Amino acid sequence: MIANAFKIVIFLFFFNIYIIPETFAKLNKFYHSEDKISNYFLGSILFDARKPDDAIIYFDKINDNMTDYSLFNQKYVNTLVNLRKFNKAFSHLKKIDNKKLNLYEFNLLLGVQAFKNKNYNLAKKYFKKIGKEKNYTDLLQMNLDLFLLSWTFAGLNNEEMTYEMINYSSNELKTLQLIQKTLVDCAFNSKNKIKSFNSLIDNKSTTSDFSRYNFFLASTFLHEENVDFANKTLISAKEKNSDNLLINQTLEDLKNKKNSKIKNKYNCQNVNHNMAEFFYVVSNIYSSDEEYAKSNFYLNISQYLNPNFDSNKILLAENLMRLKQYDSAFKEYSHIANIGKKYFWHAAKNKAFIVEETKSLKESIFFLENEFKKISNPDYKILYDLANFYRSGEQYENAISLYSKILNSIDDNNLITSQVYYKRGSCYEQLKKYHLAEKDLKKSLSLSPNSAYVLNYLAYSWLERKINIEESIDMLEKANKLKKNDPYIIDSLGWGMYLIKEYEKAEKLLRKAAEMVPQESVVIDHYGDV
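One structure accompanies this document, and this report is about it. (Residues numbered from 1 in each chain as written. Predicted model: local features only at pLDDT ≥ 70, side-chain atom pairs only at ≥ 80, totals over all residues. Heavy atoms only, no water.)

Let's shift gears to the overall build of the protein. Across its full length, the protein holds 31 helices and zero strands. The principal-axis extent of the C-alpha atoms belonging to the protein is close to 80 × 80 × 45 Å. Scored against the burial criterion, the 530 residues of the protein give a buried share of 52%. Across the protein, contacts joining residues at least 24 apart in sequence account for 53% of those joining residues at least 6 apart. Approximately 26,700 Å² of the protein is accessible, and the part contributed by carbon and sulfur atoms is 49%. (Helix = DSSP H or I, 4+ residues; strand = E, 2+ residues; numbered from the N terminus. Buried < 20%, exposed > 50% of the residue type's maximum accessible area, 1.4 Å probe, protein only. Contact = heavy atoms within 4.5 Å. Areas by Shrake-Rupley, 256 points an atom, 1.4 Å probe, with all protein chains shown as cover.)

Written out as structure tokens, the structure is:
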């Protein structure tokens, strides 16, 4: 009896959450099938939990009989898009009564399908419907139809209307306008297209990073068989953006004469590629706003339009990581690893992080060591990454060995040299090799005297051993000015004040640190001692 009562309570709970939004006329029909109810509930719960791989199992069981329910249709189609099952999504949309199709996602997807199939007039019809919706609160969504129509007119070879649609969009979307106008210049083979790319790349009117478009410019040069200019563009870009994976991998591909691989990734004369880039930018905007599920929805549309631009999947994997969908993220990084040598290690590090989150740090390090063995002639940046993993796993001897190897291969002018000395010094300190630790930490400070965290580390290590206390406090006061409101620096300074019996100052500082990081036991212990 109690079990049955509990089932009824659960049923009523889910009934209120998932069923009430549907019309009562439809409910009658829905209510009569117990299997439909349970499959819909389970699918909906998994959908809301951002588990599309699981949700689809239950939605698939009922999709043929649920086309009258708009809420189900929305969830089902979104799930299919997130799983990149576009043909199945389009097939489902065709089953839905036209009267029920006037929903944003449906018009968007059917418009994209028509666009990819070069049925631009049909695409225009669907995109115009998007613009007629009046309930958008999202500025980007309110202007989306204009950008979509712009590329539709480009497909129809109507240059004037292509630019006009972009100009109609809100000036608050200036970054998006700049990118679209540059791509349109290239699509119509404007004589200013190279100038437009360079102006975009060098643009300082927004805080956006446009370095990505060096690849687009290089690809455009390659399509014109101008390999030298493509190479110069990428070399110049690498000097300014040394860690940019897209630029580094493209240079590697160009070096290995894989020109067709680069050209297949993006061609500005291909409107599908330009529309795909538009959706990629939209996806980036939503990811920056921490709307990761929405970001992936648009990113999957981008991939549907241009599956060759596989490096865009990095954003998809990052979003999945933030959503804690680790299994899906791991699969994406496994695909990313195959893009090229430059992407392999990036993917390996992120997969190692997933192993740490889902298993243990020990297994994570073991995993990364095995991935590391697959690399011939790893550079110092890869050694540095592995050394940092060893340090995090308290494998200090292994970390020191790699940090030392790095220092033998770089000079003091390298950007990471001071950090390598700092991290090797911290490993020596953990092993209680204080003389070697001080030597490294002081060397790090000689290279970067305003490094607040190195100042804090060395000063606190002295305070722990109750030596050089006055010098430590001077260093911590400097660190505190450099990094205001850092709880760990405030805690160190407070502890220094306690050691010189400045109890009032110590109490104030340690209380502030404890309030900022109440979960840190060492900080709480320091405050308790006051």
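Glancing now at helix H7 (residues 104–116). Here H7 contains 13 residues, and its C-alpha end-to-end distance of 18 Å stays within 8% of the 18 Å for a straight helix at 1.5 Å per residue. Most of H7 sits inside the fold, with twelve of its 13 residues counted as buried. Residues of H7 that are buried: Tyr104, Glu105, Phe106, Asn107, Leu108, Leu109, Leu110, Gly111, Val112, Gln113, Ala114 and Phe115. For H7, the secondary structure elements touched by its buried residues are helix H5 (70–82), helix H6 (86–95), helix H8 (120–132), helix H9 (139–155), helix H17 (271–288) and helix H18 (292–305). Downstream of H7 by one or two residues, Lys118 has phi in the positive range, about 65°. (Expected span 1.5 Å × (residues − 1).)

So, about the packing of aromatic side chains. This structure, assessed with the given rule, holds 25 aromatic pairs. With a centroid separation of 5.3 Å and 85° between ring planes, the pair formed by Phe297 and Tyr298 is classed as edge-to-face. Residues Phe297 and Tyr298 agree in their burial class; the two are buried. Three or more aromatic residues joined by ring pairs form one cluster here, namely Phe147, Phe278, Phe279, Tyr286, Phe297 and Tyr298. The ring of Tyr304 has Lys116 sitting right over it, with the charged end atom 4.2 Å from the ring centre. The residue whose ring lies beneath Lys125 is Tyr126, and the NZ or CZ to ring-centre distance is 5.7 Å. (Phe/Tyr/Trp six-rings, centres within 6.5 Å; stacked < 30°, edge-to-face > 60°. Lys NZ or Arg CZ within 6 Å of the ring centre and 35° of its normal.)

This part takes up the nonpolar core. Leu108, Trp151, Phe278, Phe279, Tyr298 and Ile301 are the most contacted members of the largest nonpolar core, which totals 124 residues. Judged by nonpolar contacts, the second largest core, of 28 residues, contains Leu441, Ile473, Leu493 and Ala514. (Core = buried A, V, L, I, M, F, W, Y, C linked by side-chain atoms within 4.5 Å.)

Once that is clear, we can look at the state of the cysteines. Evaluation of the coordinates by the stated rule reveals one disulfide. Here Cys186 is linked by a disulfide to Cys268, with a sulfur-sulfur distance of 2.1 Å. Residues Cys186 and Cys268 are joined by a disulfide whose S-S torsion is about -60°; by sign, that bridge is left-handed. Taken together, the positions of Cys186 in helix H11 (residues 174–187) and Cys268 in the loop between helix H16 (259–265) and H17 put the pair 82 residues apart, joining distant regions of the chain. For Cys268, a relative accessible area of 5% puts it in the buried group. (Disulfide = S-S within 2.5 Å.)

Our focus in this paragraph is the environment of Tyr488. Within the fold, Tyr488 resides in helix H29 (residues 487–499). Looking at Tyr488, the relative accessible area reads 36%, which means it is partly exposed. In the structure, Tyr488 is positioned 116 residues away from Phe372 in sequence and 33 Å away in space, judged by C-alpha atoms. Setting aside chain neighbours within four positions, we find Tyr488 in contact with Asn456, Val517 and Glu520. A distance of 3.0 Å separates a polar atom in the side chain of Tyr488 from a polar atom in the side chain of Glu520. (Polar contact = N/O pair within 3.5 Å; in protein donor to acceptor, adjacent residues only side chain to side chain.)

Looking now at H29. Given a rise of 1.5 Å per residue, 13 residues ought to cover 18 Å, and the 18 Å separating the end C-alpha atoms of H29 matches this to within 8%. Among the 13 residues in H29, ten count as buried, and that is most of the element. Considering only its buried residues, H29 is in contact with helix H27 (452–464), helix H28 (469–482), helix H30 (503–516) and helix H31 (521–529). Two to three positions downstream of the cap, the backbone nitrogen of Tyr488 sits 3.0 Å from a side-chain oxygen, assigning the N-cap of H29 to Asp486. Positive phi appears at Lys501, one or two residues downstream of H29, with a value of about 65°.

Before going further, it helps to examine unusual backbone geometry. Positive phi, close to 60°, is recorded for Glu225, a residue that is not glycine. With respect to the helices, strands and loops of the structure, Glu225 is situated in the loop between helix H13 (213–223) and helix H14 (227–240).

Throughout the structure, instances matching the rule amount to 19 salt bridges. For Lys261, the salt bridge identified is with Asp253, shortest N-O distance 3.2 Å. For Lys261, a relative accessible area of 28% corresponds to the partly exposed category. Owing to a relative accessible area of 5%, Asp253 belongs among the buried residues under this scheme. Between Glu291 and Lys294 there is a salt bridge, with the nearest N and O atoms lying 3.4 Å from each other. Taking the relative accessible area as the measure of exposure, Glu291 reaches 32% and is therefore partly exposed. Judged by relative accessible area, Lys294 falls into the partly exposed class, the value being 28%. One network of salt bridges, in which partners are shared, links Asp138, Glu291 and Lys294. (Salt bridge = Lys/Arg side-chain N within 4 Å of Asp/Glu carboxyl O.)

Tracing the sequence through the fold places Asn296 in helix H18. Setting aside its immediate chain neighbours within four residues, Asn296 contacts Asn82, Ser283, Leu315, Leu316, Asn319, Leu320 and Leu323.

Contact geometry of H17 with helix H19 (residues 313–322) gives a least axis separation of 11 Å together with a crossing angle of 25°. By the angle class used here, H17 and H19 are roughly parallel. Once H17 is placed against H19, the crossing between them reads as left-handed. In this structure, H17 contributes Tyr280, Ser283, Asn284 and Ser287 to the contact, and H19 contributes Leu315, Asn319 and Arg322. Its residues assigned to classes, the contact of H17 with H19 comprises two nonpolar, four polar and one charged. (Axes fitted to C-alpha atoms, helices over the stretch in contact; angles between N-to-C directions. Parallel < 35°, antiparallel > 145°, perpendicular 65-115°, else oblique. Left-handed = near helix turned anticlockwise from the far one by under 90°. Nonpolar A, V, L, I, M, F, W, Y, C, P; charged D, E, K, R; others polar.)

At a minimum axis distance of 11 Å, the contact between H11 and H17 shows a crossing angle of 170°. Classified by the interaxial angle, the pair formed by H11 and H17 is roughly antiparallel. Contact residues: Leu176, Ile179, Gln180, Leu183 and Ala187 in H11; Asn274, Glu277, Phe278 and Val281 in H17.

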